[in-house]
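Fold and geometry: a report
Read off the chains here:
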Amino acid sequence: MNDSVLSDNHNRKINYLRVSLTDRCNLKCIYCRPIGEIPRLKHSDILRYEEILRIINISSDLGVSKIRVTGGEPLLRKGVFGFLYDLNHISGIEDISLTTNGVFLSENIKKIKAVGIQRLNISLDSLDPRKFKKITGHDLFHQVWKGIEQAHALNFNPIKINVVALKGVNDDEFLRFAELTFSYPFHVRFIEHMPIGNAAVSSYRPLLSSEIKDTVSSIGKLVPVNKGLFDGPADRYRFEGAAGEIGFISPISHHFCETCNRLRLTASGHLRPCLLSDYNEDLKTPLRKGFSDNALAEIILRAVKNKPSQHRLSPNHLNPVSSQMSSIGG
Ligand code: SAM
């Protein structure tokens, strides 16, 4: 592995690729799904598993060592366990995690374990079954929670619970989420809502991490946790004596662009070096035209070189990116 190749023009080392397996999702989260007709890729426009694995192999040779599998809902895609197994056998890939809405977790948890996945990110924006239905459009809270309990019983580690902070929707539940960390070793992560696509929930004046932290601090002292090697952008804390952690992800109020190490491969085969910029490089067309590994590596290097130095969002400047989160992969 050549771990020095993937550096961008701003001296950031890129070693993390997020891979969206599908643009399809079984939930209709109010902050994620577009208003009106949901655009869907044709099956033939979605990268095949062997194409994704080829891109990951090439990326690994360039220095990528960390992969997150996401979507859409990745567990919706047929053959996902075979793909995860193959992914886990790519040399140079040291860290694999799966982001899911958890609906299919319970029925698949043993398969996920069997293919070697240890790290789970589960999106859960409410602990109240009725509100869960309002946010997602489906009465599936208990099914998701069952999956989370089973993942815990099978010692998945870490289990991260992603909570998108939505003003007037789930801001009355932040303490309940924080309290979970006293009983479970979960990493509860509050994420600032980003203006992406044309979702039904307005991101005008989003809740910022500092406000969420103030709320959560009312039940205990938050002690900072040191960051580890494969850590993402969350600012991590723990209540004294708690089993789990609290994290704050602050793309709006405290963007982490200067340490961003990520690329995103969309389900349609486009490589996006920045979540919040619509710039991308098409890998699918050259792949299907028979380009060599070296030629594909050149395209990946170009995307890295053109990675924007930073995004332009801030609490006072919230121009949305035009693509939908479900098509980019969160
Ligand atoms: N279906 C999977 C899931 O629900 O986790 C993976 C895809 S989802 C797009 C990935 C993550 O993006 C989820 O944690 C979701 O909450 C987050 N997300 C989606 N839209 C967002 C937005 N506008 N701002 C912040 N996070 C968002």
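Okay, so let's go over this structure. Along every chain, residues carry numbers that run from 1 in the direction the sequence is written. The predicted nature of this model means local features are confined to residues of pLDDT at least 70 and side-chain atom pairs, given and counted, to a pLDDT of 80 or more, with totals for whole chains, interfaces and linings taken over all residues. Only hydrogens and water are set aside; all other atoms, that is, all heavy atoms of the structure, feed into the side-chain values.

Describing the state of the cysteines
Note on terminology: disulfide describes a covalent bond linking the sulfur atoms of two cysteines. Any cysteine sulfur atom paired with another within 2.5 Å is treated as part of a disulfide. For the coordinates displayed, the defined rule picks out zero disulfides. C29 supplies the cysteine sulfur nearest to C32, a cysteine that is in no disulfide, at a spacing of 6.2 Å. Not engaged in a disulfide, the cysteine C260 finds its nearest cysteine sulfur in C257; these two sulfurs lie 6.7 Å apart.

Side note on the nonpolar core
By nonpolar core is meant a set of buried Ala, Val, Leu, Ile, Met, Phe, Trp, Tyr and Cys residues that side-chain atoms within 4.5 Å join together. Here's how the labels work: a residue is buried when its accessible area is under 20% of the maximum for its type, exposed when over 50%, partly exposed in between, all with a 1.4 Å probe on protein chains only. Counting 95 residues, the largest nonpolar core has I56, F83, L87, L120, L124 and F190 as the members making the most contacts within it. Two residues form a contact once any of their heavy atoms are found within 4.5 Å. Apart from the residues within four sequence positions on either side, I56 is in contact with L17, V19, I67, F83, L87, I90 and I93.

As for the pattern of salt bridges
Salt bridges are defined as contacts in which a side-chain nitrogen from Lys or Arg sits within 4 Å of a carboxyl oxygen from Asp or Glu. Counted according to the given criterion, the structure contains 14 salt bridges. R48 is paired through a salt bridge with E50; the nearest N and O atoms lie 3.3 Å apart. With relative accessibility at 43%, the residue R48 sits in the partly exposed group. Residue classification places E50 among the exposed residues on the basis of a relative accessible area of 52%. Among the ionic contacts, a cluster of salt bridges with common partners joins R48, E50, E51 and R288.

Quick notes on the site of the ligand
Summary of the distance rule: residues count as near a molecule or strand when at least one heavy atom falls within 4 Å of that molecule or strand. Y31, G72, E73, S123 and M194 are the nearest of the 17 residues found near the ligand. Whenever a nitrogen or oxygen atom comes within 3.5 Å of another N or O atom, the pair is scored as a polar contact, on the condition that within protein one atom can donate a hydrogen and the other can accept it, and that pairs from neighbouring residues in sequence are kept only if both atoms are in side chains. In the environment of the ligand, a nitrogen atom lies 2.8 Å from a nitrogen or oxygen atom belonging to the backbone of G72. For the ligand, an oxygen atom lies 3.4 Å from a polar atom in the backbone of T100. With residues, only the protein chains shown are counted as cover, and all accessible areas are computed by Shrake-Rupley using a 1.4 Å probe. Surface burial for the ligand is 94%, taken as the share of its 550 Å² of free accessible area covered by protein chains. Every helix listed is a DSSP run of H or I at least four residues long, and every strand listed is a run of E at least two residues long, numbered separately from the N terminus. Taken together, the elements giving at least two residues each to the shell around the ligand come down to β3 (95-100) and β5 (159-165).

Side note on the pairing of strand β9 (residues 245-249)
For β9, the buried fraction is high: five of the five residues fall into the buried class. Burial along β9 is two-sided: the residues E245, G247 and I249 and I246 and F248 are all buried. Taken together, the three bridges between strand β8 (residues 235-239) and β9 define a ladder with antiparallel strand orientation. Of the residues in β9, the one forming a bridge with R236 is G247. Between the antiparallel neighbours β8 and β9 lie five residues, among them G241 with a positive phi of about 80°. Strand pairing is assigned whenever DSSP identifies at least 2 bridges connecting the two strands.

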